[in-house]
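# A structural walkthrough
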2 protein chains.
Amino acid sequence: MELDEHLRELAERVGEELDKWFPPDTRPEILARASRHLLEAGGKRLRPCLTLLSCEAVGGKVEDAIEAAAALELLHTFTLIHDDIMDRDEFRRNVKTVHTIWGEPIAIIAGDALFAKVFEALAANARRLGLTADKALDLFETVSRASFEICQGQALDMLFEGKRDVGEAEYLAMVNGKTGALMEASAKVGGLLGGGGPEQIRALADYGRLVGIAFQIRDDILGLTGNRDKFGKPIGSDIREGKRTLVVVRALEVAGPSDREKLFLALGNERATTAEIAAAIEVIKRTGAIEYAEKKAEEFVASAKSKLKVLPNSKAKELLLELADFAAKREF
Amino acid sequence: MELDEHLRELAERVGEELDKWFPPDTRPEILARASRHLLEAGGKRLRPCLTLLSCEAVGGKVEDAIEAAAALELLHTFTLIHDDIMDRDEFRRNVKTVHTIWGEPIAIIAGDALFAKVFEALAANARRLGLTADKALDLFETVSRASFEICQGQALDMLFEGKRDVGEAEYLAMVNGKTGALMEASAKVGGLLGGGGPEQIRALADYGRLVGIAFQIRDDILGLTGNRDKFGKPIGSDIREGKRTLVVVRALEVAGPSDREKLFLALGNERATTAEIAAAIEVIKRTGAIEYAEKKAEEFVASAKSKLKVLPNSKAKELLLELADFAAKREF
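First things first, this report covers the structure right here in the doc.

Looking now at helix H14 (residues 274-286) of chain A. Residue pairs three or four apart in sequence face the same way in an α-helix, which turns once every 3.6 residues. Residues and elements named next belong to chain A. A rise of 1.5 Å per residue sets the reference length of H14, with its 13 residues, at 18 Å; its end C-alpha atoms lie 18 Å apart and thus fit the reference within 8%. For H14, the complete set of buried residues consists of Ile277, Ala280, Ile281, Val283 and Ile284. Looking straight down H14, one finds its buried side chains confined to an arc of 155°; they lie on one side. Of the exposed residues in H14, the ones pointing more than 90 degrees away from its buried face are Thr274 and Ala275. Those residues of H14 that are buried are in contact with helix H9 (198-225), helix H11 (237-241), helix H12 (246-254), helix H13 (257-266) and helix H15 (289-307). Gly288, located one to two residues past H14, shows a positive phi value of around 80°.

In structure tokens:
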């Protein structure tokens, strides 16, 4: 598949750039290793790829946005490290999480260190391109505002764990912050650095946010039905942590009283047995919540794709359209 | 005292500005409250005052650097929240720490949220003043590099807790990052925004770093000999946490074997009794480590003050000189 190949190339280029921001001689060594750990574990590099494809889609070159693309992966990785602490997750990208290896204090600092580098990388990009002050500030505002929205989304995510029923609107507000904001910023930054016009940049930003929401809904589904090795983390841990994913929100809405009780037996119960988790997943499947979520994800993908109409036809645009489909259909 | 009065005025202006960056309608409410908690508990507002005085000392006005001054307090507060989690501290500025009230996950996010706002506040300042791209990028690079140095210092601080002997040079590398970097950035940003020349900005940056180190050494001393209410946190907790402060580093260097053992009995021992802590402080006092540290702090203050020779005489310069003295002599 063509998308695969092009994404792989872009991801490789991003990887080279990321290496520059945490060189092996960073001191103390433990900070360098902890900060690089998840970066080196790979991942899809979806956000930087979104930046680079968006840059190309408005007529820019990959090199126009390379530091910013790396910055968005640094930002994403920072949020993963902190989220894993909060969720007490032990695996991510098929490796142990940072706090599991180095303990919470170093994991907190490693996340902070990645966050600090985000803005240095953005400044480097702006300087190299000789951006106007106005454009450089757009860049910084876009990324800092998205960072704040991520915090809002993450706070909602934590709050919902302690709430019995969460509505679909609340769920959407949460993923909008947690995943939508960064994907929006990723696409927008690419549009900005590629020299896109205001309408193109707005379209890319909207596209990014919608793809992000679809991506998160698919993530919720894979967390229940995926293949552990492909997915990179244990199946069912969302249930144990009490995450109000769209499938859970929907299942609780439509399930009968006895099925709801089965769900609540496992939901947010750290000591839930494998059988109780399996029973909860069974209930979710029975309610049709998975098909419901799949349909929702596809709707978001369709709106995302429609946003791109304002862009001229190009290879990059085709790949962005394919990327949107991938968000809702992926198996990993 | 004149410094007091002027600092109070500046601190008040900074307080007003800080309110803008976490308005009460920020959602979710818990995030707003947790992020504002330490900001509202007061504190000396030393870093923003350093920014504003530095701005004035090169001929600028307070208003030229007000958002940046707030940004540096946001950055400082973010580091305090995360440090308190790592150190398991329960009190700060005479109030309970953020994680003690809202739990670790919300405290981690509150810190991240403050950090996110730092760059938005800087961008607002740059935009309002119509800075050139070059100057705006200087601003961002200064603050993001300092943020990274703080992480390096904090990582060393955590590592030293697990080390038996730490040399003075290692201690200095740690406080240079932990406290020096942000004070340097605070003064430098003020110089930049006030329109200072390169030599003036360099002098202010050096001054800030040296004052920062002196300030941290004084903090170490107050942590052992201060008045709990004035200082805002329990006396002796540094010992219990195993912090390698300059007084501890020095005491371990010059104490005899039996005194060293008394120190190690309390150092980093979470279950150390009040009597064991008192005995450790007694040993430290006996070694003359406190006078040694006081002298070191004064040396840093003297070098800091000498850096300001390149600045024209002004009220602000006088206050910066007084501020340097305060760093090494304060009781709170």
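Another aspect to go through is the nonpolar core. With 238 residues, the main nonpolar core has Ile284(A), Leu323(A), Ile284(B) and Leu323(B) as its most contacted residues. In contact with Leu323(A), other than residues within four places in its own chain, are Leu3(A), Leu7(A), Leu46(A), Leu50(A), Leu53(A) and Tyr207(A).

Next up on the list: the relation of the copies chain B and chain A. Note: a rotation about an axis with an accompanying shift along it relates these two copies of the chain. Laying chain B over chain A is done by rotating through 180° and shifting 0.0 Å along the axis; what remains is an RMSD of 0.0 Å. Such values leave the two copies arranged in the relation of a two-fold axis. Considering only C-alpha atoms, the residue of chain B closest to the rotation axis is Ala133(B), which sits at 1.9 Å. A high fraction, 100%, of the interface residues of chain B reappear at the interface in chain A, so the copies pair face to face through one surface.

The next point concerns the interface of chain B and chain A. Facing 45 residues of chain B, the contacting portion of chain A comprises 45 residues. In total, chain B and chain A occlude about 3800 Å² of area from one another, counting both sides; carbon and sulfur atoms represent 75% of this. Looking only at chain B, the three residues that lose the most surface to chain A are Arg127(B), Leu137(B) and Phe148(B), adding up to 17% of its buried area. Taking the shortest distance from any N to any O, the salt bridge between Asp134(A) and Arg127(B) comes out at 2.7 Å.

In this section: the packing of helix H7 (residues 133-161) of chain A against helix H7 (residues 133-161) of chain B. Interhelical geometry of H7(A) versus H7(B) gives an angle of 25° and a closest axis separation of 8 Å. For the element pair H7(A) / H7(B), the angle class is roughly parallel. The handedness of the crossing between H7(A) and H7(B) is left-handed. Between H7(A) and H7(B), the contacting residues are Ala133(A), Ala136(A), Leu137(A) and Phe140(A) on the first element and Ala133(B), Ala136(B), Leu137(B) and Phe140(B) on the second.

Conventions and cut-offs
- Residues numbered from 1 in each chain as written.
- Chains lettered and ligands numbered in written order.
- Predicted model: local features only at pLDDT ≥ 70, side-chain atom pairs only at ≥ 80, totals over all residues.
- Heavy atoms only, no water.
- Helix = DSSP H or I, 4+ residues; strand = E, 2+ residues; numbered from the N terminus.
- Expected span 1.5 Å × (residues − 1).
- Buried < 20%, exposed > 50% of the residue type's maximum accessible area, 1.4 Å probe, protein only.
- Arc of directions from axis to C-beta.
- Contact = heavy atoms within 4.5 Å.
- Core = buried A, V, L, I, M, F, W, Y, C linked by side-chain atoms within 4.5 Å.
- Least-squares fit on C-alpha atoms with pLDDT ≥ 70 in both.
- Buried area = accessible area lost by both parts, 1.4 Å probe.
- Salt bridge = Lys/Arg side-chain N within 4 Å of Asp/Glu carboxyl O.
- Axes fitted to C-alpha atoms, helices over the stretch in contact; angles between N-to-C directions.
- Parallel < 35°, antiparallel > 145°, perpendicular 65-115°, else oblique.
- Left-handed = near helix turned anticlockwise from the far one by under 90°.

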